[in-house]
Amino acid sequence: MPQFFLNKRLIILLVSIIVLVALIGFSLRERSKLSWPEQFVKDTTGWVQSLVSKPTNYVAGFFENLQDLQNTYEENKELKSRLENLVSLEAQVQELKKDNKDLRDILGEEKTLRDYEPLPATVIGRNPDRWHEMIIIDKGKLNGIKKNMAVVTANGLVGKVKSVTQFSSTVQLLSSTDPKNRISAIVQGKDDVYGLVEGYDNEKKLLMIKAIPSGSNIEKGQMVITSGLSDVFPKGLPIGKVVEVKPDQYGLNLTALVKPGADFYDIKSVIVTKKIMRQPDEKDLTGGKEEGS
Amino acid sequence: MKKFLLPLLFLFLFLLESLFVQYLPAGLFGRNRIVAPHFLFAALLFLTIFVGKKQGIIYAAIFGLLFDIVYIEIIGIYFFLFPLITYLVSKIMQTMQANIFIAFLVSLFGIALLEVGVYEMYRLIHVTTLDFMSFINLRFYPTLIFNAAFIIIVGYPLKRQFEKHAEALRDE
């Protein structure tokens, strides 16, 4: 079929499909970091984005303030009612904190899985295609951000760092339906129940916590927090509240639907959490046998 | 200066999409609808229709690649679909007259193709598990209506701008 191969357009199409598959395969594999051309492009656009987003932030902030003014009266009423509870709660927290510290001193443990160093960052962009829910923030490797760090707002966990370049990084939100996007979580009750935040129900706007052992006692309204069992997530970051519990498709585990504390659509500034507790090196884990030899 | 006008315009739309998604109040189009802006692609299609096929495909490839690297982090999706649909649109335009109404319809068709194409690709690589009907209701219609509104607003100024550009090219 010599004529077949002479068809220039067909050959271009075939070649570009091969290139396409290769490129997608290249970018889908587990990558610890982006290649340098990608980093360069992301840094350059990140710089432009931060230039553009600062003035927009001011303008948007101004309109938001106007809106806030409208709701001031009702908000004030609600806040006042909450304030009464707050005083007793504060006293309690103080007491517990002191207790905790004393006990820790006795044990001789200083740092916990909970401690983290907050790194505030501003959102400078968001993925417009809305399939992958990702935001771009203006802090990068030079500010000490690493892959997989937890990202929170004042209301709770929003996601984790997906990739880092020198001056900016990309955060994958919890609402993105990437099967690789898993976070170990605890449902707080009488006994802590462990599960994995995995997936997002786009229609109900609820997070799904899977792999909860069946028979565990989970009720509506219980708080869900991060477990701190992973490499870089601190313990105790709030994720949301349980709304519904149902058995999973095989009936072996439970799935809890959780209403996230943070609003995934209204994120202007975030805090990246840098866990302080040192991770044990591989050397420590192997029992130190190799050290002597 | 005139040389940089076109790249700057596309760069501006490229950034505008991200800003738009970031600052858009979530409930504006209803909680259960996803609206994706395709400002950049609409402008690219207008460029193809009013300036030329070659220019359109080159710009589509460059900005598709940029889009993939910066926003998606999977290289190949828009890098492939932008030029492909641009090419198809230029083929369609060979049989039609380049007036504003036809341009509106054809670029809307292009955006619809892009949405479906991206959806099918994401299904293939398991980025999404949405079934086709939910995709149509949740995302396809709202996105199309929104982008139609955008094209109606900016269509005429864009056409004027690109026709000026095409004339300048011819004079050279």
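Definitions and cut-offs
- Residues numbered from 1 in each chain as written.
- Chains lettered and ligands numbered in written order.
- Predicted model: local features only at pLDDT ≥ 70, side-chain atom pairs only at ≥ 80, totals over all residues.
- Heavy atoms only, no water.
- Helix = DSSP H or I, 4+ residues; strand = E, 2+ residues; numbered from the N terminus.
- Rg over C-alpha atoms; globule rule 2.2 N^0.38 Å.
- Contact = heavy atoms within 4.5 Å.
- Areas by Shrake-Rupley, 256 points an atom, 1.4 Å probe, with all protein chains shown as cover.
- Lys, Arg positive; Asp, Glu negative; His and termini not counted.
- Charge placed at Lys NZ, Arg CZ, Asp CG, Glu CD.
- pLDDT = per-residue confidence, 0-100.
- Phe/Tyr/Trp six-rings, centres within 6.5 Å; stacked < 30°, edge-to-face > 60°.
- Buried < 20%, exposed > 50% of the residue type's maximum accessible area, 1.4 Å probe, protein only.
- UniProt positions renumbered as here; feature names shortened; annotations may be inferred.
- Expected span 1.5 Å × (residues − 1).

Draft legend 1. Representation of the overall build of chain B. Of the regular secondary structure elements, chain B holds 6 helices and 0 strands. Taken from N to C terminus, the helices and strands of chain B fall in the order α-α-α-α-α-α. For 172 residues, the compact-globule estimate of 2.2 N^0.38 gives 16 Å, and chain B sits close to it at 16 Å. Dimensions of chain B along its principal axes, counting C-alpha atoms only, are 50 × 35 × 30 Å. Nonlocal contacts in chain B, meaning residues at least 24 apart in sequence, comprise 73% of its contacts between residues at least 6 apart. A total of about 7900 Å² of accessible surface is found on chain B, and carbon and sulfur atoms cover 69% of it. Placing the 13 positive and 10 negative side-chain charges of chain B at their respective mean positions leaves the two points 5 Å apart.

Draft legend 2. Representation of the confidence of the model for chain A in the model. In the predicted model, chain A carries a mean pLDDT of 83, and the fraction of residues at 70 or more is 90%. The low-confidence segment residues 287-293 of chain A (pLDDT under 50) makes 2 contacts with residues lying over four places distant or belonging to another chain.

Draft legend 3. Spatial organisation of the packing of aromatic side chains. Residues and elements named next belong to chain B. One pass over the structure, following the stated rule, counts 27 aromatic pairs over all chains. On the basis of an interplanar angle of 35° and a centroid distance of 4.9 Å, the ring pair of Phe14 and Tyr71 is categorised as tilted. Here Phe14, found in helix H1 (residues 2-23), pairs with Tyr71, found in helix H3 (residues 53-72); they are 57 residues apart in sequence, far enough to count as distant. Exposure class is identical for Phe14 and Tyr71. Each is buried. Taken together, a centroid distance of 5.7 Å and an interplanar angle of 45° make the contact between Phe46 and Phe50 tilted. Taken together, the residues Phe46 and Phe50, both in helix H2 (residues 39-50) and 4 residues apart, mark about one turn of the helix. Three or more aromatic residues link up through ring pairs in this structure, and these residues are Phe10, Phe14, Phe41, Tyr59, Phe63, Phe67, Tyr71, Tyr78, Phe82 and Phe162.

Draft legend 4. Expanded view of the UniProt feature "transmembrane region" (unreviewed entry) in chain B. Residue and element names in this part refer to chain B. The sites that UniProt annotates as "transmembrane region" (unreviewed entry) are residues 34-51, 58-80, 100-119 and 140-158. End C-alpha to end C-alpha, residues 34-51 measures 32 Å, and it is 67% helix and 0% strand. Span residues 58-80 is 83% helix and 0% strand, its end C-alpha atoms 12 Å apart.

Draft legend 5. Molecular detail of helix H3 (residues 36-107) of chain A. Residues and elements named next belong to chain A. For H3, with 72 residues, the first-to-last C-alpha span of 47 Å runs short of the 106 Å given by 1.5 Å per residue. Listing the buried residues of H3 in full gives Glu38, Gln39, Lys42, Asp43, Thr45, Gly46, Gln49, Ser50, Ser53 and Ala60. At the exit of H3 stands Gly108, carrying a positive phi of roughly 80°.

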